[in-house]
Amino acid sequence: MSAATTRMDQPRQRPADMIRAFGRDNTWTLGLLGFLAILLAFTKFVNPNYSLGSLSSTATSVLPLALAAVAQAIVVISGGIDLSISAQMALTSCVAATMMKDHPGDGTAVAIVIGVILLGMLLGAINGALVVLTKVPDIVVTLATSFVFAGVALLVRPAPGGSAAQWLKDLVVGPAGIDLLPKAAVVLVVIVAVVWIPVSRSRLGISLYAIGSNPLAAFRSGVPVSRTKFISYVLTGLVGAFAGLSLTASTGIGSPVPEATYVLISIGAVVLGGVSLAGGIGGVFGPLVAVVVLQLIRDDMTFMRVNPNYGLVAQGFILIGVLMAGSFIQIRRSRA
Amino acid sequence: MTAATGMARDRAPSRSAAWRNLLRDYPLIPLTILLVLLVLTVELARPGTVSANWAAFTVRQAAILAILAACQTLTMLTGGIDLSIGYIASMAGFVTATFVHQPGGWVFGLVVALTASALAGLVSGIGIGIFRVHPLIMTLGMGLIVFGFSNVWQLQSVQTGAGVPPELRTLGTGLTADVIPNDLAVFVPVAVALILMLRRTGYGRMLYAIGDNPVAARLSGVRSWQVLVVLYVLSAVLAAIAGLLQMGLSNTASVTLVTPYLLPSVAAAVIGGTSIVGGRGGYSGTIVGALILTVLAGFLSIVLPEPWRQIVFGSIVVLVAAAYTRATAAG
């Protein structure tokens, strides 16, 4: 919040100052990026075969989780939390895969994709409306709607199946032209650029941060708190639909059983990415880096022929270790 | 909002306001009415369903859910939540089962399992109490760690094999005199101890105090970190007990046995009137909440296919939670 306002108040800064300010505002993300660089070097060390080509397979496998983390980040920044994200992904993915199997054809697939995106926004709107109207804590509402969405997904597709249009599959698999640039990464950047960046630069974005950091202060400053909260869930549903579509695109089918780990890892990545669970702090870039870090750790474990289950253990330890260290520093700083 | 409340106070309490006060001050009464209505619906929809045997089966399953929901109730009172209990409970059951054919037998396994659970709770408690990591994320990470270790343990113990100890099977499945579930022998002492702890002991009071206003609690001399460390150890041990009972009941040992009960355990505490933001609630409501959910899930599994069951289940949780929020906001 404060970062955004300072930058807006002083549009003409010297480049050096801007870089310094950027570093100050994004210390956590920069640290995480450094960690990612070390991890990449380590990956190359344990697996000399890891090449630029392997980047694209990492990117494809990480895309649904990365989008889930972006979706989660938006709602957490606004002071909420969404436990139904994996159920939303299962439902949108099932609808997409089923419709594409029943109505083949590239042209209809485009219409289906648009319809599924609208469906995702509707699911988010249901969450948002329930949170705003009933005033039940977000965690309880989204917990309950996760049952509802998963139930509807089972109605749509009693068993995993369906199919995906070829262009949709091609969109996320393999490199885009050069090896360094996985298609999945391009898709991710485009989605974030189209959905999040315009929002975060607008009045709406400032409102999102405002209601997350202090709803009462936001209300007194004239921010429409309920409407903004509702919109934050719609945005989460929108990105959640992209996550569901990317699941269909990368697996070629739709599965009605929500992956519980998507909820857990998306929340973990959001917090690891420097977004405060109390709301109002952070962005979507940190969570994206965190998702890649968490995925690379598991991949490295596989390369090192360590029992892959230790990957889960390592993810858990990194999650809580980093957070304990982070809050330890914060506590010491506030005492000093 | 304030205007509406003021008006409600000025007028003689209308019928809906009276209901709201009842729900707020004595949640057990409306909850019990809801439970009775639910049982009546079951009997009306399927005459002959409700019997002594049906009640025994329901109570047997509800007792396990109620112990898991105790973890959520206690942690929610302090404004926290424990998302690691599904994995801890499954791990405790599974580890015990792998020691059946080992020297020392399952009793030794039980000791190992309880120690491991308490250790996991201790680490969570230290993270939450001392390092002030958000409980949601701390227990989430701990759940991943426990799940990973359980999987490793599963691979290591493939050769030795696992089995559910007959004693635990009797405890989990058996009915004394055909109507009294044996697992009540575990549940009743636990429930009585928890209710007494929350109502009569200083420790119980401190849980409410921390949840209601952490700063005020600290200024009144509550050492929050000690309370929280003990709390999360207690929660993990309770989860382990529930896991052992569930293993006995289902006669299977698996590292994901109890994970499907994580969300219902939160729902049972919420339906039972415990506030997720802390400071308000109690265990007796949670027990009725667990009974309601078990009766509901059992009934829905008879009359509805799986998808609709989930949809109705989720909708009812939202409705009941909304009713509570209205009741508590109006006062």
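What you see is a predicted model, and the numbers here were worked out from it, not measured in a lab. (Residues numbered from 1 in each chain as written. Chains lettered and ligands numbered in written order. Predicted model: local features only at pLDDT ≥ 70, side-chain atom pairs only at ≥ 80, totals over all residues. Heavy atoms only, no water.)

### A word on the layout of surface pockets
Thinking step 1. Here the second largest pocket is characterised by a volume of approximately 1,300 Å³.
Thinking step 2. In terms of residue class, the lining of the second largest pocket is made up of 28 nonpolar, 11 polar and three charged. (1 Å grid on protein atoms, 1.4 Å probe; cavity = no way out; pocket = protein on both sides within 12 Å on 5 of 7 lines; lining within 4 Å. Points joined across faces, edges and corners; volume = space filled by probe spheres on them. Nonpolar A, V, L, I, M, F, W, Y, C, P; charged D, E, K, R; others polar.)

### Considerations on the side chain of T98 of chain A
Thinking step 1. With respect to the helices and strands, the residue T98 of chain A is situated in helix α5 (residues 85-102).
Thinking step 2. Dropping the residues within four chain positions of it, T98 of chain A is found in contact with V156 and R157 of chain A. (Helix = DSSP H or I, 4+ residues; strand = E, 2+ residues; numbered from the N terminus. Contact = heavy atoms within 4.5 Å.)

### Quick notes on the packing of helix α5 (residues 85-98) of chain B against helix α7 (residues 135-156) of chain B
Residue and element names in this part refer to chain B.
Thinking step 1. Closest axis-to-axis distance for the α5/α7 pair is 9 Å, and the angle between their directions is 20 degrees. Relative to α7, α5 is oriented roughly parallel. With respect to the hand of their crossing, α5 and α7 are arranged in left-handed fashion. Contacts between α5 and α7 involve Y87, I88, M91, F94, V95 and T98 from the first element and G143, V146, F147, S150, W153 and Q154 from the second.
Thinking step 2. Partitioned by chemical class, the residues of the contact of α5 with α7 number eight nonpolar, four polar and no charged. (Axes fitted to C-alpha atoms, helices over the stretch in contact; angles between N-to-C directions. Parallel < 35°, antiparallel > 145°, perpendicular 65-115°, else oblique. Left-handed = near helix turned anticlockwise from the far one by under 90°.)

### Some details on helix α13 (residues 262-271) of chain B
Residue and element names in this part refer to chain B.
Thinking step 1. Most of α13 is tucked away, with nine of its 10 residues classed as buried.
Thinking step 2. Turning to α13, its buried residues are L262, P264, S265, V266, A267, A268, A269, V270 and I271.
Thinking step 3. Immediately beyond the C-terminal end of α13, within one or two residues, lies G273, with a positive phi of roughly 100 degrees. (Buried < 20%, exposed > 50% of the residue type's maximum accessible area, 1.4 Å probe, protein only.)

### Here's the deal with α5 of chain B
Thinking step 1. In this model α5 of chain B runs 20 Å from its N-terminal to its C-terminal C-alpha over 14 residues, within 8% of the 20 Å that 1.5 Å per residue would give.
Thinking step 2. The buried count for α5 of chain B comes to 14 of 14 residues, which makes it a mostly enclosed element. (Expected span 1.5 Å × (residues − 1).)

### So, empty space enclosed by the protein
Thinking step 1. What the rule picks out here adds up to one cavity of 30 Å³ or more.
Thinking step 2. Lining of the largest cavity is provided by L264, I265, G268, L294, Q315 and L319 of chain A together with L140 and L144 of chain B.
Thinking step 3. Looking at the lining of the largest cavity, the elements that each hand over two or more residues are α13 (260-272) and α15 (309-335) of chain A together with α7 of chain B.
Thinking step 4. Of the residues that constitute the lining of the largest cavity, the class distribution is six nonpolar, two polar and no charged.

### A short note on the interface of chain B and chain A
Thinking step 1. The partner chain A presents 40 residues to the 42 residues of chain B that form the contact.
Thinking step 2. Interface area for chain B against chain A, summed over the two sides, is near 3,600 Å², with a carbon-plus-sulfur share of 86%.
Thinking step 3. When residues of chain B are sorted by the area they lose upon contact with chain A, F131, I137 and L144 of chain B head the list and together hold 17% of the total.
Thinking step 4. The tally of links from chain B across to chain A stands at zero salt bridges.
Thinking step 5. Where chain B touches chain A, the interface holds one residue pair in polar contact (both at pLDDT 80 or more).
Thinking step 6. Within the residue set of the side of chain B that touches chain A, elements represented by two or more residues are α6 (105-129), α7, α13 and α15 (306-330) of chain B.
Thinking step 7. Sort the elements by how many residues they give to the side of chain B that touches chain A and α7 of chain B lands first, with 14 residues. (Buried area = accessible area lost by both parts, 1.4 Å probe. Salt bridge = Lys/Arg side-chain N within 4 Å of Asp/Glu carboxyl O. Polar contact = N/O pair within 3.5 Å; in protein donor to acceptor, adjacent residues only side chain to side chain.)

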